[in-house]
Amino acid sequence: MTMKSSSLSEPLVSLFFLLLRKLAGRRHHRARMAVTTKPSPPPPPLLTLDMLHGQTLVVDVEAWILRPPVSAFPYFMLVAVEAGGFLRGLLLLLLYPLMFVLPGDGARARAMATVALVGLEEKEVARVGRAVLPKFFMEATAAEGVAVVQAAARVVAVSATFPRVMVDGFLKEYVGVDAVVGPEVRSVGGVLAGLMDEEDAAEMAAKTLRALFGDELEVAGKKGAVGLVGPASSGRVHCLFSPYYCKETFAVSEADTRGWRPLPRDKYPRPLVFHDGRLAFAPMPPAALAMYTFLPFGIALVVFRTIAFSFLPYRVCFPVGALTGMHYRLVAGHVPTVRQGRGEGGGGRLYVCNHRTLLDPIIVAAALGKPVTAVTYSLSPVSELIAPIRTARLTRDREKDQRNMAAVLARGDLVVCPEGTTCREEYLLRLSPLFAELGVDVNPVALDTRVGMFYGTSTKPGAKWMDPFYFMMNPRPAYRVEFLPRAATTPADNGGRGDSIDVANRVQRELGEALGFELTGLTRKDKYMTLAGNEGVVPTAPKKH
């Protein structure tokens, strides 16, 4: 029995050792193969800012300047709404889901461009690209991309998604590039008719670059540009990134861009003081759908809030407004009361405030709980009709305006906004010193507003009468009011009336400190030249002789 058992176990033991030898052989073979495998090639050199000094740079906008992921929809939606109206924006929103059947991002971008641009006036689309889109593009700009652009001597920005008319103002004025290349739009009689073919657009891009740089972008020895492209998976390779133009090309990966930071506002190459447009948010598809769903309710809010501010007593209009979502905050401080009496000389008080919306004087009157008169250079007939306070027009004739303001002030309280125009951002424009020449002390009033859906200001001709309605159409608009200590126009140190310019500058500093706003020397003319291409002067009727 013992010998029989031993004879049965021997084949099993032999099989076990045979398997061990084969496994050992495989491990040895793998180890030998690992040793004999050729080493992987070294990684390509990393791009550093020092490598770009003195260089001409050709940079992919979507890959290097804008933070990923880059969605083209909100920018085409902005153009559709601001240049074409809310109906065109609604059409783009309804057609957007159908565009996903198109192959690739490029085809979807061309479809969105067709819906958003075709049939619009070329000058109006250019205005939106210059005055509206830079704010939203800057909010999506990568700090790392701007650092790369600033390191190079000259930069050519190439966009494969956005037509050049949409990004030209943003890239040249706020990023600092020298030339912009992108899809071109055909124009017939000043009206956009569709995108050009890629070959025609490439030929136009080459002509543009030759006109700007001559032959400097062509490779000749060590000459040529440095190209910065996106990931290979993006599928976007513009002809300007070919060896004919670029002696060296660097590609950024999706992993590299995940940690890119948004560009802080204080690091903008050019401060964004002015911008235009009605939409106060980036209209991604869900947000745009929410806006169109809210619009019927918003119109009802406008009607109710307008009636409340026009006909209800001051002491109840704010509580009624709060029931509809309007937020109002009066900062405790130097709030004049009726019991404190009238101004010096028996006249009214002079209130000087910064200018946020056309509702500023009405908000000041409600905070005081008594009627005031507001002076303005230009006010639409509709705004004058529904205004619950008295208004007085200025003529831009300095002596005449001074006499009119003095006459109004002798009859009651007067509210002036010496900036001359509204400013949305946290900046204060230069104050006109006319108010300081009236010879009375001024009561500075610091105002601030917050909106979430619509801006209540505009420079677009024929649209300013809608400004207060758009502000009140917001779901939760907010106003902050702070009355500052009275500022004397007759300093005690020199015993006479202070220089009007010094008084205006002092009031501007006090308003800036209370609000935390940055002071500027910009004026109404600067704003309208930036946004509308004119000086913002409202034509007046000719004088009768």
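Residues numbered from 1 in each chain as written. Predicted model: local features only at pLDDT ≥ 70, side-chain atom pairs only at ≥ 80, totals over all residues. Heavy atoms only, no water.

(A) Representation of the overall build of the protein chain. Within the protein chain, the regular secondary structure consists of 19 helices and 16 strands. Across the 545 residues in the protein chain, those meeting the buried criterion constitute 48%. Sequence separation of at least 24 residues holds for 75% of the intrachain contacts in the protein chain that already meet a minimum separation of 6. Counting every atom, the protein chain has about 27,900 Å² of accessible surface; 59% of that belongs to carbon and sulfur. (Helix = DSSP H or I, 4+ residues; strand = E, 2+ residues; numbered from the N terminus. Buried < 20%, exposed > 50% of the residue type's maximum accessible area, 1.4 Å probe, protein only. Contact = heavy atoms within 4.5 Å. Areas by Shrake-Rupley, 256 points an atom, 1.4 Å probe, with all protein chains shown as cover.)

(B) Layout of the sheet that holds strand β2 (residues 154-158). Reading across the sheet, the five strands line up as β3-β2-β1-β6-β7 and stay open at both edges, with parallel pairing between neighbours. Looking at which strands have only one partner, the edges of the open sheet turn out to be β3 (179-181) and β7 (246-251). Each neighbouring strand pair of the sheet contributes to a mean axis angle of 20°, computed without reference to strand direction. Pairing of strand β1 (residues 56-60) with strand β6 (residues 225-229), which is carried by three bridges, proceeds in the parallel orientation. Bridging from a neighbouring strand, Leu 57 pairs with Val 226 of β6. (Pairing = 2+ DSSP bridges. Axes fitted to C-alpha atoms, helices over the stretch in contact; angles between N-to-C directions.)

(C) Inspection of the UniProt feature "transmembrane region" (unreviewed entry) in the protein chain at higher detail. Mapped onto this numbering, the UniProt entry annotates "transmembrane region" (unreviewed entry) at residues 75-102 and 289-312. Across residues 75-102, helical content stands at 71% and strand content at 0%; the span's end C-alpha atoms are separated by 19 Å. End C-alpha atoms of residues 289-312 are separated by 34 Å, and the span's content is 96% helix alongside 0% strand. (UniProt positions renumbered as here; feature names shortened; annotations may be inferred.)

(D) Main features of the sheet that holds strand β15 (residues 478-483). Reading across the sheet, the seven strands line up as β8-β15-β14-β9-β12-β10-β11 and stay open at both edges, with mixed pairing between neighbours. Strands with a single pairing partner mark the edges of an open sheet, and in this sheet they are β8 (327-331) and β11 (390-393). Direction aside, the axes of adjacent strands within the sheet are offset by 25° on average. Of the strand pairs in this sheet, strand β10 (residues 373-376) and strand β12 (residues 414-416) are connected by two bridges, and their pairing is parallel. Pairing of Ala 374 across the sheet is with Val 415, part of β12. Sitting on the sheet, helix α16 (residues 398-411) touches β9 (350-353), β10, β11 and β12, and the angle it makes with β12 is about 140°.

(E) Geometry of the packing of helix α3 (residues 73-84) against helix α4 (residues 86-95). Viewed as axis vectors pointing N to C, α3 and α4 meet at an angle of 150°, and their least axial separation amounts to 6 Å. Taken together, the axes of α3 and α4 lie roughly antiparallel to each other. Across from Phe 73, Phe 76, Met 77, Ala 80, Val 81 and Gly 84 in α3, the residues of α4 making contact are Phe 86, Arg 88, Gly 89, Leu 90, Leu 92 and Leu 93. Of the residues belonging to the contact of α3 with α4, the class tally is nine nonpolar, two polar and one charged. (Parallel < 35°, antiparallel > 145°, perpendicular 65-115°, else oblique. Nonpolar A, V, L, I, M, F, W, Y, C, P; charged D, E, K, R; others polar.)

(F) Layout of the confidence of the model for the protein chain. With 81% of its residues at a pLDDT of 70 or more, the protein chain has an overall mean of 83. A low-confidence stretch, residues 1-9 stays under pLDDT 50, and its non-local contacts, those more than four residues away or across chains, total zero contacts. (pLDDT = per-residue confidence, 0-100.)

(G) Structural context of the packing of aromatic side chains. Evaluation of the coordinates by the stated rule reveals 16 aromatic pairs. Taking the centre distance of 6.0 Å and the plane angle of 35° together, the rings of Phe 76 and Phe 162 count as tilted. Taken as a pair, Phe 76 in helix α3 and Phe 162 in the loop between β2 and α9 (164-175) lie far apart in primary sequence, 86 residues in all. As far as the burial class goes, Phe 76 and Phe 162 line up, both buried. With a centroid separation of 4.8 Å and an interplanar angle of 20°, the aromatic rings of Phe 137 and Phe 170 are classed as stacked. Highlighted residues: Phe 137 in helix α7 (residues 133-139) and Phe 170 in helix α9, separated in sequence by 33 residues. Judged on exposure class, the residue Phe 137 and its partner Phe 170 are both buried. Here the aromatic residues Tyr 75, Phe 76, Phe 137, Phe 162 and Phe 170 are joined through ring pairs into a cluster of three or more. (Phe/Tyr/Trp six-rings, centres within 6.5 Å; stacked < 30°, edge-to-face > 60°.)

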